[in-house]
Amino acid sequence: MAYQALYRKWRPRTFDDVIGQTHVVSTLKNEIMSGKTAHAYLFCGTRGTGKTSCAKIFARAINCLHPKDGNPCNECAICRGALDGSILDITEIDAASNNGVDNIREIRDEVSYSAAQAKYKIFIIDEVHMLSGGAFNALLKTLEEPPPYVVFILATTEAHKLPATITSRCQRFDFKRISVHDIVIRLREITTAEDIRADVDALELIARLADGALRDALSILDQCVSALSDGITVEGVNAVMGVAPDEAVSKTVDALAAKDSASLLKTVAEVVREGKDINNFMETLTRRFRDILVCKVAGQADGLFEYSAETLAAIQDEAKRFGAAELSYIVEALCTASAEAKWQKNAKVLYELALLRLCDTQLSASNAALLARIERLEQMFAGGAPVPVATPAEPAPPSIPQAEDAPPWDVEPPQAAPVVQKAAEPKPAAPQQPAKVETRPAEKPASRPAAKNAARKTEPGRVWAELLGILQKKYPPLYGALFMKKAKFSNDTLYLINEVYVKEIINMYGADFNSALYAVGGDGAKVAFVTETEFVSIEESAPAPAEAQEAPVESAPPAVPDEEVEPQGADPLDALLSMDNDDIVIEDE
């Protein structure tokens, strides 16, 4: 006898043999036992979940002469004829190759004749979504009101392609994907019966590769049995199916977490050199990062995945090394690369470029990459990474002028407490006139902002340092993105080197950045982006004083009542005490 594939040899023969479809099996058995069978059924679900097998079992069960609890006996003449295909009352049609109107008309003509041997005339139409529009119209009336001895069973993997006029006339049963646990149990039963040596880990790998389809799992098992004579192991399954081992996936995850481009490229080269399919490797890597993202968002992995305890522990550890935004960006980038690889002749180069961008987010200017960088910086600061923060334990020594082109991180960071500046030296008092003493407000010396601006002017980079100090306290994301950049302030304009990343971060936090800039450079301060050559030629200048922005310097100060005048410079009482009595003149009003 010719060899029979495992998925054909171990096809379910009763409802009790169907794996993972309890909700469908129990309903069909109850209908058979109660004798309340419908005239049309629609079985929907992905490949390899048991749609056609259940249809054949149901066709035998409703015609069986001695059914047992809703199952066919598989021993009577009707069951044996259905199993060997000799009975003509059960017809199976492949709609993929018989999808025309003429094929459906033949079915409609056969419906007019009653069953020859069995109780019901059964028509099983597989892949019914492949029928043409005219074929659906030809089937519609017959499906709506068939003779009492006719039952239609429609099976499809794409139920959304069926017209609503067809689905509304059928009892619909949705077949779900079979879990890894159920597939492993079934594979263990088959390997034991067939005397096949297989490790449990290898069967779990086969079940995961099957992606919920038991038929695919049996096909993979059949292929491994032919290739591995010494027993089925995890390494053997990876070699036969061309799947990259878990070690390669773990190395790639570690390289992305550590931002190690060299290790990343080395791992990809090893996968390709060992003959593994790069597309399958990237699909496995995408699924791994998806699982890490789910674990990160959910906070735990128990009950969410069908993995071994070691794999679950590894996923939980890897989730701690990434942020949610970064993981979302990684999954999105890998999915985009997989979609674009279908149209590329050399998919390996495209995948390497995508992985390098994930390893260094500065290579990508997308919003997702920008958010991933900001989140990573926030995590670095929150986790205790070294941040240049001033500690005012002792009074700061006089600042030493820095070179004009010194980077911002070499400029002295701002002090947490305000620096007390030395008061301006009072001007020598003019000779007193002996005529009379008038109580007029003393001339104001140079204001404190002017002194502060003078200090800024003599210290290049001071304005940028003060601005970073405000950003560090109030807007940490902005500070984390800009504290390593160079800037110059001249003529109420803050000049930055033109970089896409700097523009995006300032535009994203425009209101916060402008608020800090106005506090340092005045209400008229603005931002400009220049090239590196232009940046070198810019000479810094201090911002204009607040008083100068409101009124010219030459204008006389407004008259202020005597009681509101604050003494400035030398005390007037000391001047009076130093005069002789003859010099004091009291003027009558």
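Within each chain, residue numbers correspond to sequence positions counted from 1 in written order. Local features are withheld for residues below a pLDDT of 70 in this predicted model, meaning they are given only at 70 or higher, and side-chain atom pairs are given and counted only at 80 or more; totals for whole chains, interfaces and linings count all residues. Note that water and hydrogens are dropped before the side-chain values are worked out from all heavy atoms of the structure.

- Where an unreviewed UniProt entry is consulted, the protein appears under the name DNA-directed DNA polymerase, with the organism given as Candidatus Aphodoplasma excrementigallinarum.

### Description of the overall build of the protein
Point 1. Helix and strand labels come from DSSP, where a helix needs a run of H or I of at least four residues and a strand needs a run of E of at least two; each type is numbered from the N terminus. The helix and strand inventory of the protein stands at 26 helices and eight strands.
Point 2. Exposure classes here rest on a 1.4 Å probe applied to the protein chains alone. A residue is buried below 20% of its type maximum, exposed above 50%, and partly exposed in between. With 589 residues in all, the protein has 39% of them scored as buried.
Point 3. Contact criterion: two residues are considered in contact whenever any of their non-hydrogen atoms come within 4.5 Å of each other. Sequence-distant contacts, at least 24 apart, represent 74% of the contacts inside the protein between residues at least 6 apart.
Point 4. The accessible surface values rely on the Shrake-Rupley method and a 1.4 Å probe; as for residues, cover is taken only from the protein chains in view. Entry remark: accessible area of the protein is about 33,300 Å², with carbon and sulfur atoms responsible for 52%.

### Some points on the packing of helix α8 (residues 180–193) against helix α9 (residues 200–210)
Point 1. Relative orientation of the contacting elements α8 and α9 amounts to 125 degrees, with a least axis distance of 9 Å. With respect to their mutual orientation, α8 and α9 come out oblique. Viewed along their axes, α8 and α9 form a crossing whose handedness is right-handed. Of α9, the residues touching α8 (which contributes Val 180, Ile 183, Val 184, Leu 187, Arg 188 and Thr 191) are Val 200, Leu 203, Glu 204, Ile 206, Ala 207, Arg 208 and Ala 210. For helices, the fitted line uses only the C-alpha atoms of the stretch in contact; every axis is such a line through C-alpha atoms, and the angle between N-to-C directions lies from 0 to 180 degrees. Under this scheme an angle from 65 to 115 degrees is roughly perpendicular, one under 35 degrees roughly parallel, and one over 145 degrees roughly antiparallel; angles in between are oblique. Crossing handedness follows the turn of the near helix against the far one: under a right angle anticlockwise gives a left-handed crossing, and clockwise gives a right-handed one.

### Examining the packing of helix α12 (residues 246–258) against helix α13 (residues 261–273)
Point 1. α13 packs onto α12 with a crossing angle of 160 degrees between their chain directions and a minimal axis gap of 9 Å. Taken together, the axes of α12 and α13 are roughly antiparallel relative to one another. Here α12 and α13 pass one another in a crossing that is left-handed. Contact residues: Ala 248, Lys 251, Thr 252, Ala 255 and Leu 256 in α12; Ser 263, Leu 264, Thr 267, Glu 270 and Val 271 in α13.
Point 2. Each residue receives one of three labels: charged for Asp, Glu, Lys and Arg, nonpolar for Ala, Val, Leu, Ile, Met, Phe, Trp, Tyr, Cys and Pro, and polar for the others, Gly being one of them. Looking at side-chain class alone, the contact of α12 with α13 contains five nonpolar, three polar and two charged residues.

### Observations regarding the packing of aromatic side chains
Pairs of aromatic rings are described using the distance from one ring centre to the other and the angle between the two planes.
Point 1. Aromatic contacts are taken between Phe, Tyr and Trp rings whose centres are within 6.5 Å, Trp giving its six-membered ring; a plane angle under 30 degrees counts as stacked, one over 60 as edge-to-face, and the others as tilted. Taken as a whole and assessed by the stated rule, the structure comprises six aromatic pairs.
Point 2. Residues Tyr 41 and Phe 58 carry aromatic rings whose centres are separated by 4.9 Å and whose planes lie at 65 degrees to one another, so their mutual orientation is edge-to-face. Taken together, the residues Tyr 41 in strand β1 (residues 40–45) and Phe 58 in helix α3 (residues 51–63) connect sequence positions 17 residues apart. Take Tyr 41 and Phe 58: they sit in the same class, and that class is buried.
Point 3. Taken together, Tyr 41, Phe 43, Phe 58, Phe 173 and Phe 175 form an aromatic cluster joined through their ring pairs.
Point 4. Distance and angle both matter: a charge sits over a ring if NZ of Lys or CZ of Arg is within 6 Å of the ring centre and within 35 degrees of the ring normal. It is Lys 488 that lies over the ring of Phe 535; its NZ or CZ is 4.9 Å from the centre.

### So, the side chain of Thr 14
Point 1. Here Thr 14 lies in the loop between α1 (6–9) and α2 (22–34).
Point 2. Excluding residues that lie within four positions of it along the chain, Thr 14 makes contacts with Ile 57, Asn 71, Pro 72 and Asn 74.

### Notes on the pattern of salt bridges
Point 1. Each salt bridge in this description consists of a side-chain nitrogen of Lys or Arg and a carboxyl oxygen of Asp or Glu lying within 4 Å of one another. This structure, assessed with the given rule, holds 16 salt bridges.
Point 2. In this structure, Lys 29 and Asp 16 form a salt bridge, with 3.3 Å as the shortest nitrogen-oxygen distance. On the criterion of sequence distance, the pair formed by Lys 29 in helix α2 and Asp 16 in the loop between α1 and α2 is long-range, its members being 13 residues apart.
Point 3. Of the residues examined, Asp 16 reaches a relative accessible area of 53% and is grouped as exposed.

### Some words on the sheet that holds strand β5 (residues 171–175)
Point 1. At least two DSSP bridges between two strands are needed for those strands to be called paired. The five strands lie next to each other as β2-β3-β4-β1-β5, forming an open sheet whose pairing is parallel. Every other strand in the sheet has two partners, leaving β2 (90–94) and β5 as the edge strands with one partner each. Direction aside, neighbouring strands of the sheet carry axes that sit 15 degrees apart on average.
Point 2. Taken together, the five bridges between β1 and strand β4 (residues 150–156) define a ladder with parallel strand orientation. Paired with Leu 42 across the bridge in β4 is Leu 154.
Point 3. Helix-sheet contacts for α2 involve β1 and β5, and the interaxial angle to β5 is about 145 degrees.

### Remarks on α12
Point 1. Here a helix's expected span is defined as the number of its residues, less one, multiplied by 1.5 Å. Here α12 contains 13 residues, and its C-alpha end-to-end distance of 18 Å stays within 8% of the 18 Å for a straight helix at 1.5 Å per residue.
Point 2. Those residues of α12 not exposed but buried are Ala 248, Val 249, Thr 252, Val 253, Ala 255, Leu 256 and Ala 257.
Point 3. At the C-terminal side of α12, Lys 259 shows a positive phi close to 55 degrees.

### So, the sheet that holds strand β8 (residues 526–530)
Point 1. Pairing in this open sheet of three strands is mixed, and the strands run β6-β7-β8 from one edge to the other. Edge positions in the sheet fall to β6 (487–490) and β8, since each of these pairs with one other strand and no more. Taken pair by pair, the neighbouring strands of this sheet meet at an average axis angle of 30 degrees, ignoring direction.
Point 2. In this structure, β6 lies alongside strand β7 (residues 493–497), joined through four bridges in antiparallel fashion. If you follow Ala 487 over to β7, its bridge partner there is Leu 496.
Point 3. The sheet contacts of helix α23 (residues 510–521) involve β6, β7 and β8, and relative to β8 the element is tilted by about 105 degrees.

### A word on the environment of Thr 142
Point 1. Mapped onto the elements, Thr 142 comes out in helix α6 (residues 133–144).
Point 2. Those residues within four positions of Thr 142 in sequence are excluded, and the remaining contacts are Arg 108, Val 111 and Phe 152.

### A short note on unusual backbone geometry
Point 1. Even without being glycine, Asn 74 reaches a positive phi, approximately 60 degrees.
Point 2. What makes Asn 74 buried here is its relative accessible area of 14%.
Point 3. Here the phi dihedral of Glu 127 falls at roughly 50 degrees; this positive angle occurs in a residue that is not glycine.
Point 4. You can see Glu 127 is positioned in the loop between β3 (121–126) and α6.
Point 5. Accessibility expressed as a relative area gives 22% for Glu 127, which makes it partly exposed.

### Quick word on the confidence of the model for the protein
Point 1. Here the protein averages 78 in pLDDT, while 75% of its residues score no lower than 70.
Point 2. A residue's pLDDT is the confidence the predictor assigns to it, expressed on a 0 to 100 scale. Note on residues 384–426: pLDDT is under 50 here. Beyond four places in sequence and across chains, it has 50 contacts.
Point 3. Overall, residues 546–570 carries pLDDT values under 50, and its contacts beyond four positions in sequence, including any with other chains, amount to 10 contacts.

### Quick notes on α2
Point 1. Over its 13 residues, α2 extends 18 Å from the first C-alpha to the last, a length consistent with the 18 Å expected when each residue adds 1.5 Å.
Point 2. Regarding α2, the residues found buried are Val 24, Val 25, Leu 28, Lys 29, Glu 31 and Ile 32. Each buried residue of α2 sits inside an arc of 160 degrees when the element is viewed along its axis, so together they form one side.
Point 3. The secondary structure elements touched by the buried residues of α2 are β1, α3 and β5.
Point 4. Just beyond α2, the residue with positive phi is Gly 35, at close to 75 degrees. Think of it as the arc spanned by the lines of direction from the helix axis to the C-beta atoms.

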